[in-house]
Amino acid sequence: MKRKKTSRGSRDIAVNILLAVIIAGLYLALILPYSGSSTVATAGYPIYKGSNREAVAIECAVCWDAQAIPEILDVLREHNVRITFAVSGEWAKQNGGLLRRMADEGHEIATMGYAPSEDGRGAFIRNDLEKALDAIRSETGLTPEIYYCGSRNASVSASCARKLGLTMVKCTIDLACTIGTADDIIQRVNGHANGGDILLVEPTAAFLQALPDILALLTDRGLTPGTISSTIYD
């Protein structure tokens with residue numbers, strides 16, 4: 001009988017240790033994405049908000065309807081603002097000149113994967129990301145460090161991003177630039193954006209029209225519009 005109690009007691013201790021490890025892991029998973037350090041890249045979860053409370057990131061997803069990009073770049077240059085362009089590898093391969101202009105003017109180049117509308121298992125996502133990184137690297141000489149995973153399965157994307165050393169992000173506020181007018185887009189920012197936020201935009205004509213007002217709104221609130229890296233890393 002004493003041996004059974006000892007065995008049961010050992011099992012209870014082992015269970016308690018396992019629970020403590022799980023709780024500690026969950027705690028770290030919650031704080032690491034906002035820690036503002038290089039450990040963000042290996043946190044294993046997408047980042048929705050940065051730790052720099054004086055900045056707001058503008059994350060422009062580029063894979064279609066990108067005719068307004070030259071004018072968007074003109075506005076950003078006029079206001080001396082640099083943002084993050086998360087481009088698909090397919091778009092990068094077909095628009096090398098515009099991609100190089102983004103990089104030459106100091107904007108951060110991130111990736112959405114090669115074909116971001118497609119999803120799949122780990123092997124597919126990893127190959128897709130590697131193909132996208134190669135396409136961007138061949139056009140600019142740069143290797144992106146940020147991965148906007150969009151609507152892809154977050155856990156699969158997180159695992160692949162971690163293996164490739166990418167920091168995976170989503171957004172705090174989606175400005176839904178394909179829906180409504182420029183005024184509608186501006187209202188999605190006005191009174192809603194806060195320090196550390198990541199604003200997701202698309203390079204539509206409506207966003208181009210709204211962009212100067214968005215920059216003014218953020219600046220008037222004492223917030224610096226900029227890149228994802230300048231927002232998630234203090």
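What counts and what doesn't
- Residues numbered from 1 in each chain as written.
- Predicted model: local features only at pLDDT ≥ 70, side-chain atom pairs only at ≥ 80, totals over all residues.
- Heavy atoms only, no water.
- Buried < 20%, exposed > 50% of the residue type's maximum accessible area, 1.4 Å probe, protein only.
- Helix = DSSP H or I, 4+ residues; strand = E, 2+ residues; numbered from the N terminus.
- Contact = heavy atoms within 4.5 Å.
- Axes fitted to C-alpha atoms, helices over the stretch in contact; angles between N-to-C directions.
- Parallel < 35°, antiparallel > 145°, perpendicular 65-115°, else oblique.
- Nonpolar A, V, L, I, M, F, W, Y, C, P; charged D, E, K, R; others polar.
- Phe/Tyr/Trp six-rings, centres within 6.5 Å; stacked < 30°, edge-to-face > 60°.
- Lys NZ or Arg CZ within 6 Å of the ring centre and 35° of its normal.
- Left-handed = near helix turned anticlockwise from the far one by under 90°.
- Pairing = 2+ DSSP bridges.

Engineer: Any chance you could break down helix 6 (residues 154-164) for me, citing the residues and the numbers?
Structural biologist: Among all positions of helix 6, only Ser157, Ala158, Cys160 and Ala161 are buried. Those residues of helix 6 that are buried are in contact with helix 5 (122-140), strand 4 (146-148) and strand 5 (167-169). Just past helix 6, the residue Gly165 takes up positive phi, approximately 75 degrees.

Engineer: For the packing of helix 4 (residues 96-104) against helix 5, give the residues involved together with the corresponding values.
Structural biologist: Relative to each other, helix 4 and helix 5 sit at 75 degrees, their axes nearing to 9 Å. The angle between the axes of helix 4 and helix 5 places the two elements in the roughly perpendicular class. In this structure, helix 4 uses Gly96, Leu99, Arg100 and Ala103 to contact helix 5, whose residues at the interface are Ile136, Glu139 and Thr140. A per-class count over the contact of helix 4 with helix 5 returns three nonpolar, two polar and two charged.

Engineer: So what's going on with the packing of aromatic side chains? Which residues, and what values?
Structural biologist: All chains considered together, the criterion is met by zero aromatic pairs. Geometry around Tyr114 places Lys131 over its ring, the cationic atom sitting 4.2 Å from the centre.

Engineer: How would you explain the packing of helix 5 against helix 6 if you had to name every residue and give the values?
Structural biologist: Between helix 5 and helix 6, whose axes approach to 9 Å, the crossing angle comes to 50 degrees. By the angle between their axes, helix 5 is oblique relative to helix 6. Crossing handedness for the pair helix 5 and helix 6: right-handed. Each of Gly122, Ile125, Arg126, Leu129 and Glu130 in helix 5 lies in contact with helix 6, whose residues at this interface are Val156, Ser157, Cys160, Ala161, Lys163 and Leu164. Split into classes, the residues belonging to the contact of helix 5 with helix 6 amount to six nonpolar, two polar and three charged.

Engineer: Explain the pairing of strand 2 (residues 84-87) residue by residue, including any values.
Structural biologist: The two faces of strand 2 match: Thr84 and Ala86 on one face and Phe85 and Val87 on the other face are all buried. As paired elements, strand 1 (residues 55-62) and strand 2 share four bridges and run parallel to each other. Residue pairing across strands places Val62 opposite Val87, the latter belonging to strand 2. Direction of pairing for strand 2 relative to strand 3 (residues 108-111): parallel, over a ladder of four bridges. By the bridge assignment for strand 3, Phe85 is matched with Ile109.

Honestly, that's just the spatial picture; any functional story needs more than this.
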